[in-house]
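Survey of secondary and tertiary structure
Each chain, letter by letter, is given below.
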Amino acid sequence: MIHESLPKIWYGGDYNPEQWPDETIEEDIRMFQLAGIDVVTLNVFSWEKIQVDDHSYEAEWLDRLIDRLYEAGIYTCLATGTGAHPAWMAKKYPEVLRVDFYGRKRKFGGRHNSCPSSPVYREYAGRMAAFLADRYQGHPAVLAWHVSNEYGGRCYCSLCEQAFREWLQQKYGTLNALNHAWNTAFWGHTFYEWDEIVVPNALSEEREGGETDNQGISLDYRRFMSDQLLACYYKEYEAIKTYTPNLPVTTNFMGTYEGIDYFQWAPYLDVVSWDNYPGMETPPSETAMTHDLMRGLKQGQPFMLMEQTPSQQNWQPYNSLKRPGVMRMWSYQAVAHGADTVQFFQLRRSPGATEKFHGAIIEHAGHEHTRVFRESAALGEELQKLGDVLTDSTSRARAAILYDWETRWAAELSSGPSVEIDYVREVHAYYRAFFDQHIPVDIVHPEQDWSGYDIVIAPMMYMVKEAWAKRVESFTAQGGAFVTTYFSGVADESDRVHLGGYPGPLRKVLGIWVEEIDALPPAYTNTAAVTLPVGQLKGAYECRYLFDLLHSEGAEVVAVYENDFYAGMPVITKNQFGKGEAWYIASHMESQALHDLIATITEGKNISPLVPWASEGVEAAERVKNGEQYLFLLNHSRVPAQAELNGRYTDLLTDELLAFHCNLEKNDARILRKEHKE
Ligand code: GLA
Ligand code: ZN
């Protein structure tokens, strides 16, 4: 439970009363009550209102607000406000301003704009967190802390450059070790003094879009920036914990955002929270995958849906409205995958500036007689009815997909073999094969616990550390089914190639070796023809982008290429290893191939889907708690749909009893509790 004072799925979101007069705030409170809103996130962007200069703090306005909301039955998730520094600070201490990728010193403006290495920024941010935690410790309204906002971006200033050199010194100890790791003998880049090392940006090694002339330094800079931002977060975390050790502290993540290694951060958060902004065309499976990734950060612990829009964004090229019912359905999708809160950005639309066209529960019309308000209030009522039935429930997936930011950085920084190297797309392709078959899957880091899984899938595991390869071997030897793909096992943690043939340390477990990698434009495809039908794998499948030319060293050849000069060479292999099996998929496969592959492997492990059958577009997910199973059915299609059920269920919202069958309206979401008696 996130906080025992509110044992239900929290409902609310970012509220920016600093933009409004008192009368409006009173109106807002009336409408929050109507909508069943019980938590508001305050102070996300009001650093300057609390700290008007170097020494003066003024928070009476915040005291009054928190108290007034609390009187009205509304709790506070309190932000520290350090996501945008005040103008006076930028003027007085220019070091807090970032230097961008092109080496340009920024002026005041925008947000998320502070240099993470600036001692002034860190000091002032830490003091602000301490000031707030001290002031509100023991206040019954404050249930959680929201540090800063959506940490991200990179800075290339001289403070960061100096800090980077120190970070490298810590990591490598000697320049010899660093020169080796980065293979600096290439193009004569050997360093003889630490201060010869400069930040990798457009003035040095990198070009826009992530191209780099030295993967080693660029990879380390990504790690370093993630660490610097983490240090900023942690400084505030510690300050808060000094005063309120028992209140949960979080910062809002951004799903598959590229710039931060969230697995590295997760241990320092009490609860993970994230902001979900799918576009109209985002596949539901991709949103589901991202929720599962966020749940995976703390290996299954429920998370907070910190932000979503009730209706539309303002920053996408086309900000379509969520169609009637979609906000509700997507809220339950988050809950289905582990969210214990449903929070919005934002509760009231701004009257001006860049987010004035961003959706809110209270629209510019300013009253409750709107479609968005009615839908929001209806959901608020349902969440009250659900109470604490679902909070703290978990998943019990027997399959896992590995996900790792370092691997993604390394793979995508690669120059060649193709611009089509897209880590998240490859992970999603495998995720979707589970999703479409209603089989739950967890997303885990290569170093987390895999012991609960029968199946581990490692899409594009480009980087393989020695210890990871050992884990793969012992997992497989003990009976697990392991799957990996093209562009795996290529490099070590410094992006030095594992010599002796790809996939390096995974060769033994996979029973293959890769001699060459062909890369063709997307329009050129090959065909994987199944020569050894196994399970559901039969016929022929289209494949594209990258094509490994590989040799079996004991693995069974399941499918071969049909075309080109490597026709007849293996493209899908399966190797018996100890009590388990290790599969290699040597190209990017069309979705039917992955569907059939996952069906084959899950059937082999007696893993059955959550529902025996459902119409196209229906998603099934499950949470379990205290011996009860809760089945979520979501109809993402634009027409009514149906699902067959494995027995009898009770609908938690309508109390309807269902036997073996469930109807779903268009955009419907139903939560069904499994009955123990058949
Ligand atoms: C992010 C931010 C919010 C707001 C929303 C708009 O998630 O955290 O402050 O800008 O985007 O979608
Ligand atoms: Zn900097």
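Residues numbered from 1 in each chain as written. Chains lettered and ligands numbered in written order. Predicted model: local features only at pLDDT ≥ 70, side-chain atom pairs only at ≥ 80, totals over all residues. Heavy atoms only, no water.

Here's the deal with the coordination of the zinc ion (ligand 2)
- For the zinc ion (ligand 2), the protein coordination sphere consists of Cys115 (SG), Cys155 (SG), Cys157 (SG) and Cys160 (SG), at 2.3 Å.
- Each donor residue of the zinc ion (ligand 2) lies on one chain, and together they are spaced C-x39-C-x1-C-x2-C. With Cys115 in the loop between helix 4 (87-92) and helix 5 (119-136) and Cys157 in the loop between strand 4 (142-146) and helix 6 (158-172), this residue pair connects regions lying 42 residues apart in the sequence.
- Look at Cys157 and you get buried, because its relative accessible area is 5%. (Donors = N, O, S within 2.8 Å, 3.2 Å for Na, K, Ca; no water. Helix = DSSP H or I, 4+ residues; strand = E, 2+ residues; numbered from the N terminus. Buried < 20%, exposed > 50% of the residue type's maximum accessible area, 1.4 Å probe, protein only.)

Quick look at helix 17 (residues 591-604)
- An ideal rise of 1.5 Å per residue puts 20 Å on 14 residues; helix 17 measures up with 20 Å between its terminal C-alpha atoms.
- Here helix 17 has its buried residues at Ala593, Leu594, Asp596, Leu597, Ile598, Ala599, Thr600, Ile601 and Thr602.
- Buried-residue contacts for helix 17 involve helix 14 (423-436), strand 14 (455-458), strand 15 (481-485), strand 18 (540-552), strand 21 (580-585) and strand 22 (587-589).
- Count one or two residues on from helix 17 and you reach Asn606, which has phi positive near 55 degrees. (Expected span 1.5 Å × (residues − 1). Contact = heavy atoms within 4.5 Å.)

A few points about the packing of aromatic side chains
- Applying the stated rule across the entire model yields 39 aromatic pairs.
- Centre to centre, the rings of Phe101 and Tyr156 are 5.8 Å apart; their planes meet at 70 degrees, and the pair counts as edge-to-face. Separated by 55 residues along the polypeptide, Phe101 in the loop between helix 4 and helix 5 and Tyr156 in the loop between strand 4 and helix 6 bring together distant segments of the chain. For the residue pair Phe101 and Tyr156, the accessibility class agrees, reading buried in each case.
- Aromatic side chains Phe164 and Trp167 sit 6.2 Å apart centroid to centroid with 25 degrees between the ring planes, which places their arrangement in the stacked category. Taken as a pair, Phe164 and Trp167 lie in helix 6 at a separation of three residues, close to a single helical turn.
- Three or more aromatic residues link up through ring pairs in this structure, and these residues are Tyr151, Tyr233, Tyr234, Tyr237, Phe253, Tyr262, Phe263, Trp265, Tyr268, Tyr403, Trp405 and Tyr423. (Phe/Tyr/Trp six-rings, centres within 6.5 Å; stacked < 30°, edge-to-face > 60°.)

Section: the pattern of salt bridges
- Evaluated as defined, the whole model comprises 43 salt bridges.
- Of the charged contacts in the structure, one is a salt bridge between Arg398 and Asp454, with a shortest N-O distance of 2.7 Å. You can see Arg398 sitting in the loop between helix 12 (371-386) and strand 12 (399-402) and its partner Asp454 sitting in the loop between strand 13 (442-444) and strand 14, a full 56 residues away along the chain.
- Among the residues examined, Arg398 registers a relative accessible area of 32% and is labelled partly exposed.
- It is possible to trace a salt-bridge network through shared partners that takes in Lys171, Asp220, Arg223, Glu406 and Lys465. (Salt bridge = Lys/Arg side-chain N within 4 Å of Asp/Glu carboxyl O.)

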